[in-house]
Amino acid sequence: MELYLDTSDVAAVRRLARIFPLAGVTTNPSIVAAGGRPLDALLPALREALGGQGRLFAQVLANDADEMVAEAKRLRGMVADIVVKVPVTAQGLAAIKMLKQEGIPTLGTAVYGAAQGLMAALAGADYVAPYVNRIDAQGGSGIRSVEELQQLLALHAPQAKVLAASFKTPRQALDCLLAGCQAITLPLDVAQQMIASPAVDAAVEKFAVEWEGAFGRRGL
């Protein structure tokens, strides 16, 4: 299973890379814009924060297939092995096909349905990113869409992976993993909630207090 952080916060990536078994970092235009750091500076900084390892994802902004391909090549000039995120529109599907022919890995993003995700995989996308919470917000079932997409890829495009995105709670992420997702990307708050528990903190403190009461110190 591949675990990614969905962020442009370099300091947070550096801190959490010591804790989580991270496969890399995903970004999107909104995340990058919120951080205010240009991609040509941000991407190398994220790679450094990951210890010089890990996979990075960045998204094209163009709406035309040829321009998407040109932007993808510019992104590859910033980080040679970057995975290019391409929205799964008609033009995006055309761009994914062209990028596949050039050996440039892609992620089909902004996926709101299983059929849409399958088309991206058949076009050549290495990853497909269903927007779990956003599907829920529109009255659908994000987890059900993930389950359907998993089944479709297993049957028709086994070379592609679901990289589930758009989470508001750890439960959503866990349900995706139970559905068989091979990759997920978590916003910082959800990632930190995955390992935060008042009950655990209370149990650890109780151990320390009782040890100190018995031996006069907290350490071994």
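Look above for the structure.
Residues numbered from 1 in each chain as written. Predicted model: local features only at pLDDT ≥ 70, side-chain atom pairs only at ≥ 80, totals over all residues. Heavy atoms only, no water.

Turning our attention to the layout of surface pockets. Roughly 330 Å³ of volume is contained in the largest pocket. Along the wall of the largest pocket there are 21 residues; nearest its centre are Asp6, Asn28, Arg134, Ser166 and Phe167. Within the residue set of the lining of the largest pocket, elements represented by two or more residues are helix H2 (29-35), strand S5 (106-111), helix H7 (132-137) and helix H10 (188-193). Taken together, the residues of the lining of the largest pocket sort by class into 9 nonpolar, 7 polar and 5 charged. Where the lining of the second largest pocket is concerned, the elements lending two or more residues are H2, strand S3 (55-59) and helix H4 (65-78). By residue number, the principal contributor to the lining of the second largest pocket is H4, which donates 4 residues. (1 Å grid on protein atoms, 1.4 Å probe; cavity = no way out; pocket = protein on both sides within 12 Å on 5 of 7 lines; lining within 4 Å. Points joined across faces, edges and corners; volume = space filled by probe spheres on them. Helix = DSSP H or I, 4+ residues; strand = E, 2+ residues; numbered from the N terminus. Nonpolar A, V, L, I, M, F, W, Y, C, P; charged D, E, K, R; others polar.)

Strand pairing in a sheet relies on backbone hydrogen bonds, with the paired strands running either antiparallel or parallel. Pairing in this closed barrel of 8 strands is parallel, and the strands run S1-S2-S3-S4-S5-S6-S7-S8 around the ring. The sheet shows a mean angle of 25 degrees between the axes of neighbouring strands, taken without regard to direction. Here strand S6 (residues 127-130) pairs with strand S7 (residues 161-164) via 2 bridges, running parallel. Looking across to S7, one finds that Tyr127 is bridged to Lys161. Relative to S7, helix H8 (residues 142-156) is tilted by about 160 degrees, and along the sheet it contacts S6 and S7. (Pairing = 2+ DSSP bridges. Axes fitted to C-alpha atoms, helices over the stretch in contact; angles between N-to-C directions. Contact = heavy atoms within 4.5 Å.)

What follows concerns unusual backbone geometry. Positive phi, normally seen in glycine, also occurs at Ala110, with a value near 60 degrees. For Ala110, the position within the fold is in strand S5. Even without a glycine there, the phi angle at Ser166 is positive, about 65 degrees. Counting through the fold element by element, Ser166 comes out in the loop between S7 and helix H9 (170-178). The exposure class assigned to Ser166 is buried, which follows from its relative accessible area of 18%. (Buried < 20%, exposed > 50% of the residue type's maximum accessible area, 1.4 Å probe, protein only.)

Attention now goes to helix H3 (residues 39-49). Two residues of an α-helix separated by three or four positions point the same way, owing to the 3.6 residues in each turn. All of the buried residues in H3 are Leu42, Leu43, Ala45, Leu46, Arg47 and Ala49. Turning to H3, the residues buried within the fold contact helix H1 (10-17), strand S2 (24-26), H2, S3 and H4. Following H3 by one or two positions, Gly51 adopts a phi angle in the positive range, close to 80 degrees.

Counting residues in hydrophobic clusters, the biggest one holds 60 residues, and the most contacted among them are Cys176 and Ile184. Ignoring any residue separated from it by four or fewer positions in sequence, one finds Ile184 in contact with Met1, Glu2, Leu3, Tyr4, Leu163, Ala164, Phe167, Ala173, Cys176 and Leu177. Formed by 8 residues, the second largest nonpolar core is a distinct cluster that contains Val83, Tyr127, Ala129 and Ala183. (Core = buried A, V, L, I, M, F, W, Y, C linked by side-chain atoms within 4.5 Å.)

Bringing a nonpolar patch on the surface into the picture now. A cluster of nonpolar side chains, contributed by Ile19, Met194 and Ile195, occupies part of the molecular surface with about 280 Å² of accessible area. Relative to the elements of secondary structure, Met194 occurs in the loop between H10 and helix H11 (198-215). (Patch = residues over 30% accessible without salt bridge, like charges linked within 9 Å, V, L, I, M, F, W, Y side chains within 5 Å. Areas by Shrake-Rupley, 256 points an atom, 1.4 Å probe, with all protein chains shown as cover. Salt bridge = Lys/Arg side-chain N within 4 Å of Asp/Glu carboxyl O.)

The subject of this paragraph is the environment of Ser30. Note that Ser30 resides in helix H2. Sequence separation between Ser30 and Ala191 is 161 residues; the distance between their C-alpha atoms is 19 Å.

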